[in-house]
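# Structure assessment
One letter stands for each residue in the lines below.
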Amino acid sequence: MEGDDDTSGPMIDDEIYANGVDGDNEKRSRPIMSSEQLDIEAYASLYSGRTKIMRLLFIAQRSQSNEAMELEALRMAYDEIKKGENTQLHREVVQKIVGRLGPEYGMDVAWCDTVDRRAEQKKEKLENELNAYRTNLIKESIRMGYNDFGDFYYAHGQLGDAFKSYVRTRDYCTTSKHIVHMCMSSTLVSIEMGQFTHVTSYITKAEQIPDALDPVTVAKLRCAAGLAHLESKKYKLAARKFLETGPELGNHYNEVIAPQDVATYGGLCALATFDRMELKNKVIDNLNFRNFLELVPEVRELINDFYSSHYASCLDYLGNLKANLLLDIHLHDHLETLYGQIRHKALIQYTHPFVSVDLHMMANAFKTDVAGLEKELEALITDNQVQARIDSHNKVLYARHADQRNATFQRVLQTGNEFDRDVKSMLLRVNLIKHEHNLRSSRKH
Amino acid sequence: MEPVQALVANIQGLSSSGDIPHLHALLKQAQESLYAESTRLLPVLDQLDPAKHSLGYLYILEACSSGSISKEQASALVLPIARFINSCAAEQIRLQPDKFISVCKRFKDQVMLLEAPLRGVAPMLTAIRKIQASSEHLTSLHPEFLLLCLLSKSYKAGYSILDEDIFEVDQPRDLFLYCYYGGMICIGQKRFRKALELLHNVVTSPMTVVNAIAVEAYKKHILVSLIHNWNFSTSLPKYTSSVAQRNLKNFSQPYIELANCYVSGKIVDLEALVDKYREKYENDNNLGLVKQVISSMYKRNIQRLTQTYLTLSLQDIANSVQLNSAKEAEMHVLRMIEDGEIFATINQKDGMVRFLEDPEQYKTCHMIEHIDSSIQRIMALSRKLTAIDENISTDPLFMSKTGRERQRFDFDDFDGVPQKFII
């Protein structure tokens with residue numbers, strides 16, 4: 001122990017901090033921590049369609065301190081918008097660039113005018129066609145007409161009208177495939193609009209159709225449901241939905257979500273809300289989900305670390321991922337809550353197997369100082385999540401198991417007193433009511 | 001004077017022969033003439049013996065004390081009334097209880113007029129005992145008695161009567177006043193649990209209109225609940241009357257704010273709030289209670305520390321409870337240990353406090369007896385409850401009411417209520 005060579009010192013400390021048994025005996029290797037900046041090109045290439053533009057704009061908005069990154073994001077957004085037909089977004093992006101990217105990235109009035117004129121023409125054509133179909137009362141054509149309208153509005157950024165058009169096709173759907181198509185389109189537009197109540201209702205509608213669902217659609221629906229739950233802060237349900245997503249999803253839902261996101265959202269939500277059993281069964285042993293986790297090795301490592309109680313490295317990974325996750329359009333406002341919950345669970349899990357814990361060691365394991373740790377533990381104890389008491393003088397945490405017998409006696413006596421008191425009040429009230437009733441009936445006669 | 005003399009002779013004669021009903025009838029007839037002679041009746045009393053001629057004495061006494069009384073008259077009357085109450089015969093009094101009650105009330109007025117409430121305490125207690133049908137019966141004299149106790153600060157006497165449970169009430173107003181004054185007496189004696197019970201009864205009583213007594217009682221209820229339970233729930237129980245549920249809170253806004261601030265746990269905010277509403281609390285005479293609320297907040301915060309820590313330094317206690325110094329913290333902890341609110345030992349050398357578990361092991365004979373007697377008491381209460389339930393189910397008024405509201409499905413339906421009771 002004492003007087004050994006220095007190389008074994010830190011190793012022993014490592015073993016002491018580790019609160020669990022290493023399942024495999026290989027030396028814990030320190031993998032690459034991705035604390036480097038988000039590679040915007042790689043990130044953007046995962047998505048397609050409107051969500052790519054929105055994500056880039058969000059990144060630009062969030063990285064206003066980092067000008068290089070902001071400009072990169074805005075540049076890519078501009079290029080993407082030019083490929084589409086949304087002049088409103090074009091104007092927005094130009095405003096944000098403020099000419100910092102040079103003349104090629106300024107307001108292209110000619111382009112805007114051409115696009116707008118084309119849009120007018122197309123709209124007229126679509127309207128005429130739709131009216132023709134409506135007079136002819138051909139259901140399928142009317143449905144296609146409304147669909148085209150929906151697509152048109154969506155491409156031009158008029159999301160409300162797009163949604164209304166898609167919903168109108170409902171009356172003209174004849175096969176279940178049509179209904180599925182309608183649901184998927186409505187879901188897409190609702191997600192873009194941020195109205196997740198619609199999302200949930202259309203997903204339920206789609207899931208009720210028994211036969212027309214192929215695995216890809218099922219996977220898409222699960223993702224959308226997961227997103228809806230995430231937005232409404234139901235993290236456990238969100239985790240379950242993401243974990244149920246099959247690997248058939250692949251890149252098919254790039255207009256909404258990338259498989260990396262499924263892994264990240266699912267992994268973090270699961271870690272924050274599942275208990276140990278569920279974590280092992282549904283996440284670690286889940287073969288389907290493993291495909292997703294391969295895409296984000298940090299999340300995989302962090303979940304494994306948590307399960308095997310290497311809290312320091314788990315929290316390290318979390319810290320490193322935080323900066324990049326804050327730039328994610330769906331996760332950013334839930335990140336603090338999730339991180340808080342994961343940290344609490346780590347603290348609770350650490351103290352669970354012990355009768356007494358030295359706070360200095362625990363502070364080292366969590367890479368924090370004793371005073372801060374004491375405050376955190378105090379909050380957890382007051383919340384009744386940790387059954388323990390702190391010996392502040394010696395800085396030790398002692399587990400405390402309530403004495404059932406005494407507690408029962410106390411509760412019994414208390415219940416007796418309460419019964420006494422309540423029944424007496426009740427009898428008194430009965431008497432008053434009877435008296436009043438008698439008074440009233442005597443007045444009547 | 002003649003009819004009065006004749007009356008006196010009658011009283012003496014009939015009382016000694018035991019013909020009380022006849023006497024009662026005669027007295028009722030003579031009522032008017034008595035009232036006419038009210039100012040000159042005092043010397044007549046000397047001819048009668050309160051113990052034997054109680055009913056007659058009562059009538060004359062009542063006539064004497066009717067109308068407005070000056071201070072000298074009051075001092076003249078107080079002594080005879082007191083003597084009468086002490087020595088009168090209970091059966092004769094019970095024939096005319098309302099006269100007796102009005103005499104006692106006048107007695108209380110006179111005593112208060114003379115500004116000597118203490119003189120009235122003992123006689124009132126005797127009066128209550130004599131007129132009560134049973135110890136569970138609340139008379140109109142109970143609140144008067146408690147008021148005298150409060151004014152004369154003889155809390156112990158008042159408390160002795162509060163120990164009895166009340167189940168029968170004549171007038172709801174009596175109950176409200178009784179519980180309110182009773183609550184105040186218990187607060188004076190620092191028996192906050194009983195005070196809370198009594199005030200709770202006022203607040204949750206059935207009432208059709210919100211009355212001032214209920215409002216004041218609610219204010220005190222909030223404060224006492226904070227002092228005793230360290231907690232307060234703004235929602236009234238389901239059985240509270242709807243008028244109370246809707247309106248009581250509007251009248252006690254400063255108190256509800258105080259309760260909300262208390263729950264948040266910051267002493268500084270609480271004191272600021274108290275300063276803001278100081279005048280309102282003073283007007284309601286609740287400032288003393290409010291000060292007790294503030295000091296109970298320290299206790300609550302220290303108590304919460306016992307749940308989390310095994311040992312804690314005095315300085316840390318002072319910091320987390322927002323006291324000024326470790327010395328003050330020591331004083332507070334010491335007082336709490338003495339009052340039995342927490343279990344701890346103070347180590348002055350280290351400046352450390354060690355919190356201990358409740359040493360009660362529930363193994364002593366004393367505890368077994370306590371549990372046994374509680375069981376007996378609750379069984380008796382249960383039996384009483386069943387008896388009352390049976391009484392009500394067989395009460396004809398109740399039967400007729402349920403009979404009327406019963407649904408009719410079919411003529412041949414099984415009839416739960418006999419035909420006779422359907423009105």
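Only a predicted model underlies this, so the values are computations on that prediction, with no experimental measurement involved.

Reading guide: rules and limits
Residues numbered from 1 in each chain as written. Chains lettered and ligands numbered in written order. Predicted model: local features only at pLDDT ≥ 70, side-chain atom pairs only at ≥ 80, totals over all residues. Heavy atoms only, no water. Helix = DSSP H or I, 4+ residues; strand = E, 2+ residues; numbered from the N terminus. Buried < 20%, exposed > 50% of the residue type's maximum accessible area, 1.4 Å probe, protein only. Contact = heavy atoms within 4.5 Å. Areas by Shrake-Rupley, 256 points an atom, 1.4 Å probe, with all protein chains shown as cover. Buried area = accessible area lost by both parts, 1.4 Å probe. Salt bridge = Lys/Arg side-chain N within 4 Å of Asp/Glu carboxyl O. Polar contact = N/O pair within 3.5 Å; in protein donor to acceptor, adjacent residues only side chain to side chain. Nonpolar A, V, L, I, M, F, W, Y, C, P; charged D, E, K, R; others polar. Pairing = 2+ DSSP bridges. Axes fitted to C-alpha atoms, helices over the stretch in contact; angles between N-to-C directions. Parallel < 35°, antiparallel > 145°, perpendicular 65-115°, else oblique. Left-handed = near helix turned anticlockwise from the far one by under 90°. Phe/Tyr/Trp six-rings, centres within 6.5 Å; stacked < 30°, edge-to-face > 60°. Lys NZ or Arg CZ within 6 Å of the ring centre and 35° of its normal.

A separate point is the overall build of chain B. Broken down by element type, chain B carries 21 helices and 5 strands. The buried share of chain B, taken over its 423 residues, is 47%. Pairs at least 24 residues apart make up 65% of the contacts formed inside chain B by residues separated by at least 6 positions. Looking at chain B as shown, the accessible area adds up to about 21,600 Å², and 53% of this sits on carbon and sulfur atoms.

So, on to the environment of B:Cys186. All names here are of chain B. With respect to the secondary-structure elements, cysteine 186 resides in helix H10 (residues 172–188). Cysteine 186 sits in the buried class, given a relative accessible area of 0%. Spatially, the C-alpha atoms of cysteine 186 and tyrosine 155 are 7.9 Å apart, while their sequence positions differ by 31 residues. When neighbours within four sequence positions are excluded, cysteine 186 is seen to be in contact with Tyr159, Leu162, Arg191, Lys194, Ala195 and Leu198.

Turning to the interface of chain A and chain B, a few remarks are in order. Contacts between the two partners involve 38 residues from chain A and, on the opposite side, 47 residues from chain B. Summed over both sides, the interface of chain A with chain B buries roughly 3,900 Å², with 61% coming from carbon and sulfur. Scanning the region where chain A abuts chain B turns up 2 salt bridges. The interface formed by chain A and chain B includes 13 residue pairs in polar contact (both at pLDDT 80 or more). Those elements that place two or more of their residues in the side of chain A that touches chain B are helix H20 (370–382), strand S2 (388–391) and helix H21 (404–444) of chain A. Per-element tally for the side of chain A that touches chain B: the top contributor is H21(A), with 26 residues. Class assignment for the residues of the side of chain A that touches chain B results in 14 nonpolar, 13 polar and 11 charged. Here 2 bridges tie S2(A) to strand S3 (residues 309–313) of chain B, and the two strands are oriented parallel to one another. Bridge pairing links A:Ile390 to B:Tyr309 in S3(B).

Further remarks concern unusual backbone geometry. In this structure, A:Leu137 is a non-glycine residue whose phi angle is positive, near 60 degrees. By relative accessible area, which is 67% here, A:Leu137 ends up exposed. The phi dihedral of B:Asn285 falls on the positive side, at around 60 degrees, and the residue is not glycine. Relative to the helices and strands, B:Asn285 is located in the loop between helix H16 (278–283) and helix H17 (287–308). Judged by its relative accessible area of 67%, B:Asn285 falls in the exposed class.

All names here are of chain A. The contact between helix H9 (residues 176–193) and helix H11 (residues 215–231) brings their axes to 11 Å, and the two run at 30 degrees. Put simply, H9 runs roughly parallel to H11. For the pair H9 and H11, the sense of crossing is left-handed. Touching Val180, Met184, Thr187 and Ile191 of H9 are Thr217, Lys220, Leu221, Ala224 and Leu227, all from H11. Each residue belonging to the contact of H9 with H11 can be placed in one class, and the counts come to 6 nonpolar, 2 polar and 1 charged.

Now for the packing of aromatic side chains. Scanning all chains against the criterion turns up 17 aromatic pairs over all chains. On the basis of an interplanar angle of 20 degrees and a centroid distance of 6.1 Å, the ring pair of A:Tyr146 and A:Tyr172 is categorised as stacked. Taken together, the residues span a long stretch of sequence, with A:Tyr146 in helix H7 (residues 139–155) and A:Tyr172 in the loop between helix H8 (159–168) and H9 at a distance of 26 residues. When its relative accessible area of 21% is taken as the criterion, A:Tyr172 is described as partly exposed. Geometrically, the ring pair formed by A:Phe163 and A:Tyr202 is edge-to-face, given 6.0 Å between the ring centres and 85 degrees between the ring planes. In this pair, A:Phe163 sits in helix H8 while A:Tyr202 sits in helix H10 (residues 196–207), placing the two residues 39 residues apart along the sequence. For the pair A:Phe163 and A:Tyr202, a shared accessibility class is recorded, and that class is buried. Among the aromatic residues, those joined into a ring-pair cluster are A:Phe306, A:Tyr311, A:Tyr350, A:Phe354 and A:Phe366. Lying across the ring of A:Tyr307, A:Arg276 places its NZ or CZ 4.3 Å from the centre. For A:Arg429, the ring lying beneath its charged end belongs to B:Tyr239, and the centroid distance is 3.8 Å.

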